[in-house]
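# Commentary on secondary and tertiary structure
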Amino acid sequence: MIDLQSVGVRYPDGTEALRDIDLHIERDGFAFITGPSGAGKSTLLGLVYRNIVPTAGKVVVDGQDVAKLHPGRVPFLRRKVGVVFQEFQLLPRKTVWENVGFALDVVGAGRREKYHKVPISLELVGLAEKADAFPHQLSAGQRQRVSIARALVNGPPILLADEPTGNLDPDTSWEIVQLLLNINQQNTTMIVATHDREVVDRTNCRVVQLLQGYVVRDAKEGGKYDAP
Ligand SMILES: Nc1ncnc2c1ncn2[C@@H]1O[C@H](COP(=O)(O)OP(=O)(O)OP(=O)(O)O)[C@@H](O)[C@H]1O
Ligand SMILES: [Mg+2]
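Below, the structure is looked at part by part. Owing to the predicted nature of the structure, the values given are computational and were not obtained by experimental measurement. (Residues numbered from 1 in each chain as written. Chains lettered and ligands numbered in written order. Predicted model: local features only at pLDDT ≥ 70, side-chain atom pairs only at ≥ 80, totals over all residues.)

### Side note on the environment of Asp22
Filter applied, for reference: A run of DSSP states H or I qualifies as a helix once it reaches four residues; a run of E qualifies as a strand once it reaches two. Both are numbered from the N-terminal end. Three exposure classes are used. Buried residues have 20 or more other C-beta atoms within 10 Å of their own C-beta, exposed residues have 12 or fewer, and partly exposed residues fall in between, all C-beta atoms being placed from the backbone. The contact criterion used here is simple: two residues whose C-beta atoms, placed from the backbone, lie within 7 Å are in contact.
The topology assignment puts Asp22 in strand S2 (residues 16-25). Look at Asp22 and you get exposed, because 12 C-beta atoms sit within 10 Å. Between the C-alpha atom of Asp22 and that of Asn99, which follows or precedes it by 77 residues, the distance is 36 Å. Residue contacts for Asp22: discarding those within four places in its chain leaves Leu4, Gln5 and Ser6.

Given below as structure tokens:
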């Protein structure tokens, strides 16, 4: 589903953010991306939703070489890839319902589609009863659930999360990661970039560790945050 072949990313200022990355994530697969600040985690996620184009090698997402994508086709790729960030990036003057619905407005969905899909997505993240609340009336964990609902409302086959628990306490972090793992079980290919050692070590998932732009470890199953 996601295939990086000898990928390098050099930013215009000369920073080598990723070097010679080979990474394959199968359909419905899951991987944590770990590594210290500056290791290249966000850059790697940026490649998958074509926020960043590789300067070497090839990135293939759902059979499509992203570098060869016609600019007019980029929105179609983005519809396949939901993204969740550390800062929830909700619109403060819109309700939970409207925040999630907004992701459908952006892709030109009609009213009927919205009324069908928004409740399903809110139900999925366990926030149906908060539909009319505003973001400031929610806990941080609930806000992150809204941003996950928004990322999923288009039914993307791929979900990327960049430090999704960075603003959450340990218990809430664990709840959010369990939600993400549930979503992965429901046929969503997923990459989660994280600093959260506790969360990674509590799961039994694949762990891809980056250091200075290189993959230094790829523990296919039962990976721990640090190499043993
Ligand atoms: N737009 C940019 N221009 C130049 N250099 C950049 C840019 N974005 C990131 N970098 C550099 O690329 C490297 C990788 O950055 P990246 O944001 O991918 O790391 P990260 O692992 O996500 O770090 P963090 O854990 O702090 O989020 C770093 O050295 C960073 O300074
Ligand atoms: Mg980052």
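### Some words on the site of ligand 1
The cut-off we apply is this: Any residue whose C-beta atom, as placed from the backbone, lies within 6 Å of a molecule or strand is termed near it. Asp, Glu, Lys and Arg are counted as charged, while Ala, Val, Leu, Ile, Met, Phe, Trp, Tyr, Cys and Pro are counted as nonpolar; the rest, among them Gly, fall into the polar class.
Taken together, Tyr11, Asp13, Thr15, Ala17, Gly35, Ser37, Gly38, Ala39, Gly40, Lys41, Ser42 and Thr43 make up the full set of residues adjacent to ligand 1. With 3 residues, the single largest contributor to the shell around ligand 1 is helix H1 (residues 41-48). Tallied by class, the residues present in the shell around ligand 1 amount to 3 nonpolar, 7 polar and 2 charged.

### Overview of the sheet that holds strand S4 (residues 56-61)
The criterion, for reference: One requirement defines pairing of two strands: DSSP has to find at least two bridges between them.
If you walk across this open sheet you meet the 4 strands as S2-S1-S4-S5, and the pairing is antiparallel. The open sheet has two edge strands, S2 and strand S5 (64-65), and neither has a second partner. Note: strand S1 (residues 2-10) against S2, 6 bridges, orientation antiparallel. Looking across to S2, one finds that Leu4 is bridged to Leu23.

### With respect to the environment of Asp20
Mapped onto the elements of the fold, Asp20 is located in strand S2. The partly exposed category is assigned to Asp20, around which 14 C-beta atoms lie within 10 Å. Taking the C-alpha atoms as reference points, Asp20 and Gly35, 15 residues apart in sequence, are found 16 Å from one another. Setting aside residues up to four positions removed in sequence, Asp20 forms contacts with Ser6, Gly8 and Tyr214.

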